[in-house]
Amino acid sequence: MAETLEMSKKDLIELAERRLDADVREGNWSVSEKLALTCRILFDGGHDSGLAGQITSRAEAGTFYTQRLGLGFDEIAPSNLIKVDEDLQVVSGEGIPNPANRFHTWIYRARPEINCIIHTHPPYISALSMLEVPLAVSHMDTSPLFDDCAFLEKWPGVPVGNEEGEIISAALGDKRAILLAHHGQLVVGKTIEEACMLALLMERAARLQLLAMAAGTIKPLPQMLAVEAHDWVSTIKRDMVTFAYYARRAQRNHPDCLAA
């Protein structure tokens with residue numbers, strides 16, 4: 001006999017969340033393994049742009065992990081990540097960081113709750129950024145970005161100076177994502193899993209937006225329902241289970257991604 005057919009939507013949401021909390025466990029990956037998997041996941045998701053883009057994760061106070069300059073996302077493994085300080089001096093590992101990592105320092109300083117930053121130049125985001133229009137979140141699948149994506153409408157130039165760090169961190173504010181005009185995208189997360197999922201979603205949202213714009217006028221989501229959808233998907237356990245799926249795909253596509 002079914003016992004849930006008379007339950008309210010609110011009660012069903014709470015039931016689903018309890019089941020998710022009870023069933024989903026965090027993966028056994030280390031921070032460096034999660035970063036390597038994220039690089040391969042994003043490579044498969046179309047975020048590859050040569051050597052452009054940076055993925056970082058906060059380490060000890062004033063330091064963070066990132067990929068070594070000269071390696072593409074499809075080459076990153078735990079063994080070739082480096083740790084740098086706020087001056088981009090290498091603390092551990094071999095090689096040097098991308099100089100554009102400088103603006104990550106500004107974001108980490110402004111957002112102490114953030115532990116991962118992903119900045120990439122995927123094609124649909126980059127194409128949309130050329131139009132100087134903000135991201136339109138108008139589909140259920142991309143609702144985690146609803147009212148959670150800022151927009152920097154003027155390009156401040158290559159992000160290797162402190163000025164760009166100040167501008168980008170201020171424009172991001174308290175949101176989890178930002179579309180950078182004539183540049184690309186940036187997302188932040190309390191966890192690596194959260195940031196990775198947001199980066200994938202942002203490129204999908206841009207692709208959907210460009211397709212919809214070519215066909216007609218984009219219609220907005222109802223505010224209350226969009227907020228509900230945003231909060232429904234934006235949980236630690238959902239990020240974990242979704243990341244695990246993409247991680248399995250990445251390991252099949254890149255057997256060397258967790259190699260020592």
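Residues numbered from 1 in each chain as written. Predicted model: local features only at pLDDT ≥ 70, side-chain atom pairs only at ≥ 80, totals over all residues. Heavy atoms only, no water.

### Here's the deal with the overall build of the chain
Of the regular secondary structure elements, the chain holds eight helices and eight strands. Taking 2.2 N^0.38 as the reference for a compact globule, 260 residues should give roughly 18 Å; the C-alpha atoms of the chain span a radius of gyration of 19 Å, in line with that estimate. The buried share of the chain, reckoned over its 260 residues, is 43%. At a minimum sequence separation of 6, the contacts of the chain that also span at least 24 residues come to 69%. Approximately 13000 Å² of the chain is accessible, and the part contributed by carbon and sulfur atoms is 55%. A gap of 4 Å separates the mean positions of the 25 positive and 35 negative side-chain charges of the chain. (Helix = DSSP H or I, 4+ residues; strand = E, 2+ residues; numbered from the N terminus. Rg over C-alpha atoms; globule rule 2.2 N^0.38 Å. Buried < 20%, exposed > 50% of the residue type's maximum accessible area, 1.4 Å probe, protein only. Contact = heavy atoms within 4.5 Å. Areas by Shrake-Rupley, 256 points an atom, 1.4 Å probe, with all protein chains shown as cover. Lys, Arg positive; Asp, Glu negative; His and termini not counted. Charge placed at Lys NZ, Arg CZ, Asp CG, Glu CD.)

### Focus: the pattern of salt bridges
Within this structure, the stated rule accounts for twelve salt bridges. Taking the shortest distance from any N to any O, the salt bridge between Arg-111 and Glu-113 comes out at 2.6 Å. Residue classification places Arg-111 among the buried residues on the basis of a relative accessible area of 9%. The salt bridge partner of Glu-194 is Arg-176, with a shortest N-O separation of 2.7 Å. With a gap of 18 residues between them, Glu-194 in helix H6 (residues 192-215) and Arg-176 in the loop between helix H5 (162-172) and strand E7 (177-180) connect regions that are remote in the sequence. Relative accessible area serves as the criterion here: at 11%, Glu-194 is assigned to the buried category. (Salt bridge = Lys/Arg side-chain N within 4 Å of Asp/Glu carboxyl O.)

### Observations regarding the sheet that holds strand E4 (residues 90-92)
One open sheet holds the eight strands; their spatial order is E4-E3-E2-E1-E5-E8-E7-E6, and the pairing between them is mixed. A single partner strand is all that each edge strand has here, and the edge strands are E4 and strand E6 (149-152). Along the sheet, successive strands turn relative to each other by an average axial angle of 25°, direction set aside. With five bridges joining them, strand E2 (residues 63-67) and strand E3 (residues 81-85) adopt antiparallel strand pairing. Looking at the pairing, Thr-66 lines up with Ile-82 of E3. The sheet contacts of helix H2 (residues 31-44) involve strand E1 (54-58), E2, E3 and strand E5 (116-120), and relative to E1 the element is tilted by about 160°. (Pairing = 2+ DSSP bridges. Axes fitted to C-alpha atoms, helices over the stretch in contact; angles between N-to-C directions.)

### Brief notes about empty space enclosed by the protein
Within this structure, the stated rule accounts for one cavity of 30 Å³ or more. Of the pockets and cavities examined, the largest cavity occupies roughly 70 Å³. Taken together, Gly-50, Leu-51, Ala-52, Gly-53, Gln-67, Arg-68, Leu-69, Gly-70, Leu-71, Gly-72, Phe-73 and Asn-98 make up the lining of the largest cavity. (1 Å grid on protein atoms, 1.4 Å probe; cavity = no way out; pocket = protein on both sides within 12 Å on 5 of 7 lines; lining within 4 Å. Points joined across faces, edges and corners; volume = space filled by probe spheres on them.)

### Structural notes on a negative patch on the surface
Taken together, the side chains of Asp-44, Asp-48, Asp-74 and Glu-75 present a region of like negative charge at the surface. In this structure, Asp-44 sits in helix H2. (Patch = residues over 30% accessible without salt bridge, like charges linked within 9 Å, V, L, I, M, F, W, Y side chains within 5 Å.)

### A few points about the layout of surface pockets
In this approach, a probe sized like a water molecule rolls over the atoms, and the result shows the empty space that is left. Of the pockets and cavities examined, the largest pocket occupies roughly 670 Å³. Lining of the largest pocket is provided by 31 residues; of these, Met-197, Leu-200, Leu-201, Arg-204 and Tyr-246 occupy positions nearest its centre. Those elements that provide at least two residues to the lining of the largest pocket are H2, H6, helix H7 (223-233) and helix H8 (236-253). Counting residues per element, the lining of the largest pocket draws most heavily on H6, which supplies ten residues. If you add up the space inside the second largest pocket, you get close to 200 Å³. What lines the second largest pocket is Arg-111, Glu-113, Ile-114, Arg-176, Lys-190, Thr-191, Glu-194, Ser-234, Thr-235, Ile-236 and Asp-239.

### Here we look at unusual backbone geometry
Generally, phi is negative for residues other than glycine and the peptide bonds are trans, each holding for most cases. Phi at Leu-88 is positive, roughly 65°, even though this residue is not glycine. Relative to the helices and strands, Leu-88 is located in the loop between E3 and E4.

### What about the packing of aromatic side chains?
This model, assessed by the stated rule, comprises three aromatic pairs. Arg-238 extends its terminal NZ or CZ atom over the ring of Trp-232, reaching a point 4.1 Å from the ring centre. (Phe/Tyr/Trp six-rings, centres within 6.5 Å; stacked < 30°, edge-to-face > 60°. Lys NZ or Arg CZ within 6 Å of the ring centre and 35° of its normal.)

### Here we look at H2
Its 14 residues give H2 an end-to-end C-alpha distance of 20 Å, which sits within 8% of 20 Å, the value for a rise of 1.5 Å per residue. With its phi angle positive at about 90°, Gly-46 sits one or two positions after the end of H2. (Expected span 1.5 Å × (residues − 1).)

### Focus: the environment of Leu-201
For Leu-201, the location among the structural elements is in helix H6. Those residues in contact with Leu-201, other than ones at most four positions away along the chain, are Asp-141, Thr-142, Pro-144 and Leu-145.

Read these as geometric descriptors, not functional statements.
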